[in-house]
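# Descriptive analysis of the structure
So you can see what is in the structure, the chains are spelled out below.
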Amino acid sequence: MLRLRMFNAIIGVAGILAFLATFYFSPVRRSRLWTITVTPLASIIGSGFLIATPLMYMDFGGLALAAMVIINLFALGIGQVIRFNIRHFDSYQDSFEEKAPHLVYLEHFSNLALGLSYTISIAFYIALLSGFALRMLGLHSDLGIRVLSTLVLGYIGITGLRGGLHGLERLEKIAMHMNLSIIGGLIAALVAYGLQSHGQRTEFPFPQLNWRSFQILGGMLLITQGFETTKYLGVEYDAESRVRAAWLAQIIAAFIYIVFVLLVAVLIPGVKVDDETAIVSIVDKAAWGFGTVLSVGAIFSQFGAAVADTVGTGGLLEEETRGRLSEDRAYI
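Residues numbered from 1 in each chain as written. Predicted model: local features only at pLDDT ≥ 70, side-chain atom pairs only at ≥ 80, totals over all residues. Heavy atoms only, no water.

## Brief notes about the packing of helix H2 (residues 32-45) against helix H11 (residues 290-320)
- Following both chains from N to C, one finds H2 and H11 inclined at 125°, their axes separated by 7 Å at the closest point. Relative to H11, H2 is oriented oblique. Considering only the axes of H2 and H11, their crossing is left-handed. Of H11, the residues touching H2 (which contributes Thr 39, Ala 42, Ser 43 and Ile 45) are Ser 301, Gly 304, Ala 305, Ala 308, Asp 309 and Val 311.
- Its residues assigned to classes, the contact of H2 with H11 comprises five nonpolar, four polar and one charged. (Axes fitted to C-alpha atoms, helices over the stretch in contact; angles between N-to-C directions. Helix = DSSP H or I, 4+ residues; strand = E, 2+ residues; numbered from the N terminus. Parallel < 35°, antiparallel > 145°, perpendicular 65-115°, else oblique. Left-handed = near helix turned anticlockwise from the far one by under 90°. Contact = heavy atoms within 4.5 Å. Nonpolar A, V, L, I, M, F, W, Y, C, P; charged D, E, K, R; others polar.)

Shown next, in the form of C-alpha cells:
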C-alpha cells in the first residue's frame, strides 16, 4: 500500500511541475484574458475546494455529485445575470439615473452589502491562512493568528497602494499558479489511485431530503461566489473581456469541484467525514505526503482569494465614490 501511495505521490508531483511549466513557460503567462480570469477564479476557489467535497458527502451521501452539479449550474445562472449587468447596465448607469432611479438605488444598496461581505471574507481568508501556516510550524495560537493576519493584511494593502491593480494582480498570479498547480497534481494523483482501484464503486446511502437539506445546499452556494469581482475591474478592462473572464473562471472552478467529488468517492470509506478538514485525511490515503501538500495549497488559496476580494472591494469603492477615492487608496 505504501509503495502505491509513493507512486501516486510521484505522479502528483509530476502533475504539479507540469502545471507550473504551463503557467510560466507558455503563452498563458502573457495572456491578457488569463490575467483578468485570475481575479474571479481566485475568489471562487478560495477555501471552496478544501471544504466542498467532504461536506457534500457528509450532508448528501449518494447525492453528493448531483448536489454539486446543481450548485454549479445555479451559480452559472447567477453569473449570467452579472455578465448581462456588465454588458447592459454599467456603461449606461447615468442614463438609468433618469429613466429608472429605483434600479440605481438598488445597485448602490447591493454594492454596500457586497462591500461589507468582502471585508468579512478578506479577514476570514487571512485568518484561515495564518492558522494553517502557524499550525504547520507548530506555533499555533490565537495571538499569533491575529499578529500574522495583521501583517499579511498590511502587506496586501501597501502592495495595492504602491502598485495599484496590476501590483495586486501579480500577487494573485503567484498564489493562483501555485494553488492550481497543486490542485492539478492532486487530480493526477487521484486519477492514478482510481485506476489502481480497478473501477471499484462505492455505494453511499441516499439521504432523506427535507427543508434543512435545501438550506444546506443554498449555503453551499457560497463556495461558487466570486465571479462578480470582474464587475469592478471596469477602469482597467473592457466589458467584453470581463464577461469572458467571469465565464472562464466559473467553468474552471465548476470542473475542479465536480471532478473532486467524482475522484474521492473511493477514498471516503474509512475516513471520518465530520468537518471541513477531512479532505486532508482523504487525500493522504491516495498519495503519500499530499495531505501536507494540500495544506500548502490551502495557504496559497486563502492568500489568492483575499487579494482577489481586495481587488473587487477597491474597484467597488472607486465606483461608489465616483473616483473621489482611487482604487490604490481604497485597497489600503
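## Re the packing of aromatic side chains
- Throughout the structure, instances matching the rule amount to three aromatic pairs.
- Considering the side-chain rings of Phe 23 and Trp 34, the 5.8 Å spacing of their centres and the 15° angle between planes classify their relative orientation as stacked. Separated by 11 residues along the polypeptide, Phe 23 in helix H1 (residues 2-24) and Trp 34 in helix H2 bring together distant segments of the chain.
- Take Trp 34: its relative accessible area is 10%, and that puts it in the buried class.
- Taken together, the aromatic side chains of Phe 19, Phe 23 and Trp 34 make up a single cluster linked through ring pairs. (Phe/Tyr/Trp six-rings, centres within 6.5 Å; stacked < 30°, edge-to-face > 60°. Buried < 20%, exposed > 50% of the residue type's maximum accessible area, 1.4 Å probe, protein only.)

## A look at the pattern of salt bridges
- Enumeration according to the criterion identifies four salt bridges in this entry.
- We note a salt bridge from Arg 87 to Glu 240, for which the minimum N-O separation is 2.9 Å. Of the two residues, Arg 87 sits in helix H4 (residues 64-88) while Glu 240 sits in helix H9 (residues 239-263), which places them 153 residues apart along the sequence.
- Take Glu 240: its relative accessible area is 39%, and that puts it in the partly exposed class. (Salt bridge = Lys/Arg side-chain N within 4 Å of Asp/Glu carboxyl O.)

## Comments concerning H2
- End to end, H2 covers 20 Å across 14 residues, agreeing with the expected 20 Å (1.5 Å per residue, within 8%).
- Taken as a whole, H2 carries its principal kink of about 30° at Val 38; the proline Pro 40 stands between one and four residues after it.
- Here H2 lies mainly inside the structure; 12 of its 14 residues are buried.
- Looking at the buried positions of H2, the neighbouring elements they touch are H1, helix H3 (48-60), helix H6 (101-136), helix H7 (142-196), H9 and H11. (Expected span 1.5 Å × (residues − 1). Bend = angle between axes of the 7 residues up to and from the residue.)

## Comments concerning empty space enclosed by the protein
- Per the stated rule, a full pass over the model turns up one cavity of 30 Å³ or more.
- There is about 50 Å³ of room inside the largest cavity.
- Looking at the largest cavity, the residues that line it are Ile 44, Asn 72, Ala 75, Leu 76, Thr 224, Gln 250, Ala 253, Ala 254 and Tyr 257.
- Of all the secondary-structure elements, those providing two or more residues to the lining of the largest cavity are H4 and H9.
- Considering each element in turn, the lining of the largest cavity owes the most residues, four residues, to H9. (1 Å grid on protein atoms, 1.4 Å probe; cavity = no way out; pocket = protein on both sides within 12 Å on 5 of 7 lines; lining within 4 Å. Points joined across faces, edges and corners; volume = space filled by probe spheres on them.)

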